[in-house]
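So you can see what is in the structure, the chains are spelled out below.
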Amino acid sequence: MNWAENLQNNLTTAEQLKGVLQLNDKETEKLKQILEQFPMSITQYYLSLIHWEDENDPIRKMCIPSILETDLDGSFDTSGEADNTVVEGMQHKYKQSAMILSTNRCAMYCRHCFRKRLVGLSDKEIAKYFDKIMEYIEGHTEISNVLISGGDAFLNSNEVIEKYLERLSRMEHIDFIRFGTRTPVVLPMRITEDKELLDILQRYSSKKQIYVITHFNHPYEITRESKAAVQALLHVGIPVRNQAVLLKGINDSPKVLGMLLKRLTAAGVLPYYVFQCRPVSGVKNQFQVPLKQGFQIVEEAKGMQNGMGKNFRYVLSHEAGKIEILGMAAEDEMLFKYHQAKKPEDAGRLFTRHLEDTQCWL
Ligand code: SF4
């Protein structure tokens, strides 16, 4: 079975989940309503990682909808992505970087997703005009790197992936290309069982540096299969880095987060960012951790790492830029620094903010 056929066995309906969770009719009806707004799709592989005897199992919480998703406090576009769109399907927020929303599909729809407004739903913000996007990048020589994101970039066919690589690798001003994909975590066979994809990546990596940016959040996700996917990428010359999200009930303890970072580093996946969970509708009240508490967790987890494992930043991906959370400057005053700024005058700027104990965002 190839990866696309594999996806056809995904759990996508309330009726299917009813059997798995032994839900009654009322619960199934409620679930149906949630799925109309936020679709569900769970690979058989990811489902097999759940420890069913534990009601609070972290894998379960990341893939199975909860009633808490009906709490729509927050917003759907917390980082102003629509404002940064310069060509339909492409954002240009930071001078050197362009980001392409190449698809609205993912192998699995994470319950904590910050692009809940579009994954599995709307293709309004998705790249449809390939040539227009490429012409924009060709005409903006200040862009030195392109992130092909989504949805999940590896849910594109190999043909589409090659089309991006072929065109981008011809541009002299592009230093490197990144693919944002959670397939190593939720559908590792997309990589390990697709020699054609690996051949394409290897071929183009000799022309342009390619990176895979993935998204492991919990040590349970680091399995024999996911490590094999990472190894396959490393073998064809593609470095793999990880963006985790700090999530209540998933990895909000120094022990769990520390273990995640340590095991990732051992598996050849360098920690890149730990993101503060964004105040997204349907996500905010279920998963956000207060900033002060988040800082303590991240610092303790960092203390368990060697230099390589500490190679990441704890950041907020904010409308104004990527803001690093540096620590307490005084009682109730937190120190922040612009790691990436939307406005040039903010670049590198340090600032402090008074924070309430329960405050999760700026
Ligand atoms: S893989 Fe990424 S884009 Fe897709 S649902 Fe998960 S977090 Fe969202």
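Here the structure is a predicted model, which is why all the values come from computation and not from measurement.

### Some remarks on the overall build of the chain
Along its length, the chain carries 14 helices and 12 strands. A globule of 362 residues ought to have a C-alpha radius of gyration of about 21 Å, and the chain, at 20 Å, matches this closely. If you line up the chain on its principal axes, its C-alpha atoms span 55 × 55 × 40 Å. For the chain, the residues scored as buried account for 56% of the 362 residues in total. Across the chain, every contact between residues at least 6 apart in sequence was considered, and the portion connecting residues at least 24 apart equals 74%. Taken together, the 45 basic and 47 acidic charged side chains of the chain have centroids lying 3 Å from each other.

### As for the side chain of threonine 103
With respect to the helices and strands, the residue threonine 103 is situated in the loop between strand E3 (97-101) and helix H6 (130-139). Assessed through its relative accessible area of 9%, threonine 103 is described here as buried. Those residues in contact with threonine 103 that lie beyond four places of it in its chain are Ile126, Ser149, Gly150, Gly151, Asp152 and Asn156.

### Describing the environment of lysine 310
Take lysine 310: it is sitting in the loop between helix H14 (291-303) and strand E9 (313-318). Spatially, the C-alpha atom of lysine 310 lies 32 Å from that of isoleucine 200, the residues being 110 residues apart in sequence. Other than its neighbours up to four places away in sequence, lysine 310 contacts Lys302 and Gln305.

### A word on the pairing of strand E4 (residues 145-149)
Of all the 5 residues making up E4, 5 are buried; the element is thus mostly covered by neighbouring parts of the structure. Residues of E4 alternate between two faces, with Asn145, Leu147 and Ser149 on one and Val146 and Ile148 on the opposite face, all of them buried. Relative to E4, E3 runs parallel, the two sharing 5 bridges. Along E4, the bridge assignment pairs alanine 98 with valine 146. A crossover connection joins E3 to the parallel E4 through H6; in handedness this β-α-β unit is right-handed. One ladder, built from 4 bridges, connects E4 with strand E5 (residues 176-180); its direction is parallel. Pairing of asparagine 145 across the sheet is with phenylalanine 176, part of E5.

### Structural notes on the packing of aromatic side chains
The final tally for this structure, using the stated rule, is 8 aromatic pairs. Ring geometry for tyrosine 272 and tyrosine 273: centres 4.4 Å apart, planes at 35°, overall tilted. The pair tyrosine 272 / tyrosine 273 is uniform in exposure class, with both members buried. Between phenylalanine 336 and phenylalanine 351, the aromatic rings sit 5.3 Å apart at their centres with planes inclined by 20°, giving stacked as the arrangement. Highlighted residues: phenylalanine 336 in strand E11 (residues 333-341) and phenylalanine 351 in strand E12 (residues 350-354), separated in sequence by 15 residues.

### Comments concerning the site of the ligand
Taken together, Cys106, Met108, Tyr109, Cys110, Cys113, Val119, Gly151, Arg182 and His215 make up all the residues around the ligand. Broken down by class, the residue content of the shell around the ligand amounts to 6 nonpolar, 2 polar and 1 charged.

### A look at unusual backbone geometry
With an omega of 25°, the peptide bond between glycine 150 and glycine 151 qualifies as cis. On the secondary structure map, glycine 151 appears in the loop between E4 and helix H7 (158-168). In this structure, aspartate 332 takes a positive phi of about 65° despite not being glycine. Looking at the secondary structure, you find aspartate 332 in the loop between strand E10 (321-330) and E11. The class for aspartate 332 is partly exposed, based on a relative accessible area of 26%.

### Observations concerning the UniProt feature "binding site: [4Fe-4S] cluster" (unreviewed entry) in the chain
The feature "binding site: [4Fe-4S] cluster" (unreviewed entry), as annotated in UniProt, sits at Cys106, Cys110 and Cys113 in this numbering. Of the annotated residues named above, the ones that line the largest cavity are Cys110. The residues touching cysteine 106, leaving out its near neighbours within four places in the chain, are Val119, Gly151, Asp152 and Leu155. Along the chain, cysteine 113 turns up in the loop between E3 and H6.

### Some details on the pattern of salt bridges
Tallied over the full model, the rule gives 22 salt bridges. The shortest N-O distance in the salt bridge between glutamate 162 and arginine 203 comes to 2.8 Å. Placement of the pair is glutamate 162 in helix H7 and arginine 203 in helix H10 (residues 195-205), with a sequence separation of 41 residues. Judged by its relative accessible area of 41%, arginine 203 is partly exposed. Overlapping salt bridges bring together Glu15, Glu29 and Lys32 as one network.

Each value, and the rule that gives it
- Residues numbered from 1 in each chain as written.
- Predicted model: local features only at pLDDT ≥ 70, side-chain atom pairs only at ≥ 80, totals over all residues.
- Heavy atoms only, no water.
- Helix = DSSP H or I, 4+ residues; strand = E, 2+ residues; numbered from the N terminus.
- Rg over C-alpha atoms; globule rule 2.2 N^0.38 Å.
- Buried < 20%, exposed > 50% of the residue type's maximum accessible area, 1.4 Å probe, protein only.
- Contact = heavy atoms within 4.5 Å.
- Lys, Arg positive; Asp, Glu negative; His and termini not counted.
- Charge placed at Lys NZ, Arg CZ, Asp CG, Glu CD.
- Pairing = 2+ DSSP bridges.
- Right-handed = clockwise from strand over helix to strand, strands pointing away.
- Phe/Tyr/Trp six-rings, centres within 6.5 Å; stacked < 30°, edge-to-face > 60°.
- Near = heavy atom within 4 Å.
- Nonpolar A, V, L, I, M, F, W, Y, C, P; charged D, E, K, R; others polar.
- UniProt positions renumbered as here; feature names shortened; annotations may be inferred.
- 1 Å grid on protein atoms, 1.4 Å probe; cavity = no way out; pocket = protein on both sides within 12 Å on 5 of 7 lines; lining within 4 Å.
- Salt bridge = Lys/Arg side-chain N within 4 Å of Asp/Glu carboxyl O.

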